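This is what each chain is made of:
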Amino acid sequence: MNVKQIQVRQQIAHEAAKLMVENGIRDYQLAKRKAAARLGLGDARDLPRNDEIEREREAYQRLFGAEEHSRHVVSLRRHALEAMRLLDDFGPRLVGSVLSGTADRHSEICLHLFSDPPEEVALFLLDRGIPHDQGEARVRFQADGHERLPAFRFLAGEAQVELVVFSARARRRTPLSPVDGRPMRRAKLAEVVALVEAAA
């Protein structure tokens, strides 16, 4: 790869990160294509990897409104903690941008739950009078394919929470991160408590 190609790749990564933070785009491929088009590089073949965009996203957040961003992440983690305590029977794990610290104003809290059958989660929410939407989430366990799992969404304060429900038998089956393709980092309640306390 020559210097020009490296520069183009960096430009696209930066613009894609900006689009994700400012416009709430969550699909890395879409962000890359829009960034390349915005830069007049629609024919670019060597697009940046997702982890390159994530690094640019972190840099962008540090540069623009670092304090406000930090407060927002802490607030989302506190809401996540409340939801995890509520859903303790389902062994909740925090994942995604709220855990990594790259959450922005468009981000939702994502929790992985474990239940057989998954309908137990719906019954739990109904019993407690928690309004929610039911749908599916696409989760990648292998590099070449996705699985669809039951998902529920509800509001915790002003924060949107997504619950992705795995079989209890799949507790050790960790999905792959969309950022780097490695097993996704999952945090138990105690780890989230430590993150919140460290920021206090």
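On a predicted model such as this, the values are computed, not experimentally measured, just so you know. (Residues numbered from 1 in each chain as written. Predicted model: local features only at pLDDT ≥ 70, side-chain atom pairs only at ≥ 80, totals over all residues. Heavy atoms only, no water.)

A. Focus on the layout of surface pockets. Volume-wise, the largest pocket comes out at about 1400 Å³. What lines the largest pocket is a set of 42 residues, among which Arg26, Tyr28, Gly96, Pro178 and Met184 lie closest to the centre. For the lining of the largest pocket, the secondary-structure elements that each account for two or more residues are α2 (28-38), α3 (50-63), α5 (97-100), β2 (109-114), β3 (133-142), β4 (145-156) and β5 (159-166). Per-element tally for the lining of the largest pocket: the top contributor is α3, with 6 residues. (1 Å grid on protein atoms, 1.4 Å probe; cavity = no way out; pocket = protein on both sides within 12 Å on 5 of 7 lines; lining within 4 Å. Points joined across faces, edges and corners; volume = space filled by probe spheres on them. Helix = DSSP H or I, 4+ residues; strand = E, 2+ residues; numbered from the N terminus.)

B. Geometry of the packing of aromatic side chains. One pass over the structure, following the stated rule, counts 3 aromatic pairs. Aromatic pair Phe90 and Phe124: ring centres 5.4 Å apart, planes at 90°, arrangement edge-to-face. On the criterion of sequence distance, the pair formed by Phe90 in the loop between α4 (66-86) and β1 (93-95) and Phe124 in helix α6 (residues 119-127) is long-range, its members being 34 residues apart. The class of Phe90 is buried, set by a relative accessible area of 8%. For Phe124, a relative accessible area of 9% translates into the label buried. An aromatic cluster of three or more residues is present, and its members are Phe114, Phe141 and Phe166. Note that Arg128 overlies the ring of Phe124, its terminal NZ or CZ placed 3.7 Å from the centroid. (Phe/Tyr/Trp six-rings, centres within 6.5 Å; stacked < 30°, edge-to-face > 60°. Buried < 20%, exposed > 50% of the residue type's maximum accessible area, 1.4 Å probe, protein only. Lys NZ or Arg CZ within 6 Å of the ring centre and 35° of its normal.)

C. Region of the structure containing the pattern of salt bridges. In this structure the tally under the stated criterion is 15 salt bridges. One salt bridge connects Asp116 with Arg169, and the closest N-O pair in it is separated by 3.7 Å. Taken together, the residues Asp116 in the loop between β2 and α6 and Arg169 in the loop between β5 and α7 (189-199) connect sequence positions 53 residues apart. Classification of Asp116 as partly exposed rests on a relative accessible area of 40%. Arg185 is the partner of Glu191 in a salt bridge, and the nearest nitrogen-oxygen pair spans 2.7 Å. For Glu191, a relative accessible area of 31% corresponds to the partly exposed category. Taking the relative accessible area as the measure of exposure, Arg185 reaches 45% and is therefore partly exposed. (Salt bridge = Lys/Arg side-chain N within 4 Å of Asp/Glu carboxyl O.)

D. Up close: the packing of helix α1 (residues 3-23) against α2. The contact between α1 and α2 brings their axes to 8 Å, and the two run at 115°. Like other packed secondary-structure pairs, α1 and α2 cross with a definite hand, here right-handed. Listed contacts from α2 to Ile12, Glu15, Ala16, Leu19, Met20 and Asn23 of α1 are Tyr28, Ala31, Lys32, Lys34, Ala35, Ala36 and Arg38. For the contact of α1 with α2, the per-class residue count stands at 8 nonpolar, 1 polar and 4 charged. (Axes fitted to C-alpha atoms, helices over the stretch in contact; angles between N-to-C directions. Left-handed = near helix turned anticlockwise from the far one by under 90°. Contact = heavy atoms within 4.5 Å. Nonpolar A, V, L, I, M, F, W, Y, C, P; charged D, E, K, R; others polar.)

E. Spatial organisation of the pairing of β2. The element β2 is extensively covered by neighbouring structure, given that 6 of its 6 residues are classed as buried. Burial of β2 is two-sided: the residues Ile109, Leu111 and Leu113 facing one way and the residues Cys110, His112 and Phe114 facing the other way are all buried. The pairing of β1 with β2 spans 3 bridges and is antiparallel. Residue pairing in the sheet places Val95 in a bridge with Cys110 of β2. Relative to β5, β2 runs parallel, the two sharing 6 bridges. The residue of β5 that forms the bridge with Ile109 is Val161. (Pairing = 2+ DSSP bridges.)

F. Broad picture of the pairing of β4. Pairing analysis gives 9 bridges linking β3 to β4, with the strands arranged antiparallel. What sits directly across from Ala137, in β4, is Leu149. Looking at chain direction, β4 and β5 are connected through 6 bridges and run antiparallel. Bridge pairing links Leu155 to Gln160 in β5. Linking two consecutive strands that pair antiparallel, namely β4 and β5, is a turn of 2 residues; a positive phi of about 70° is found at Gly157 within it.

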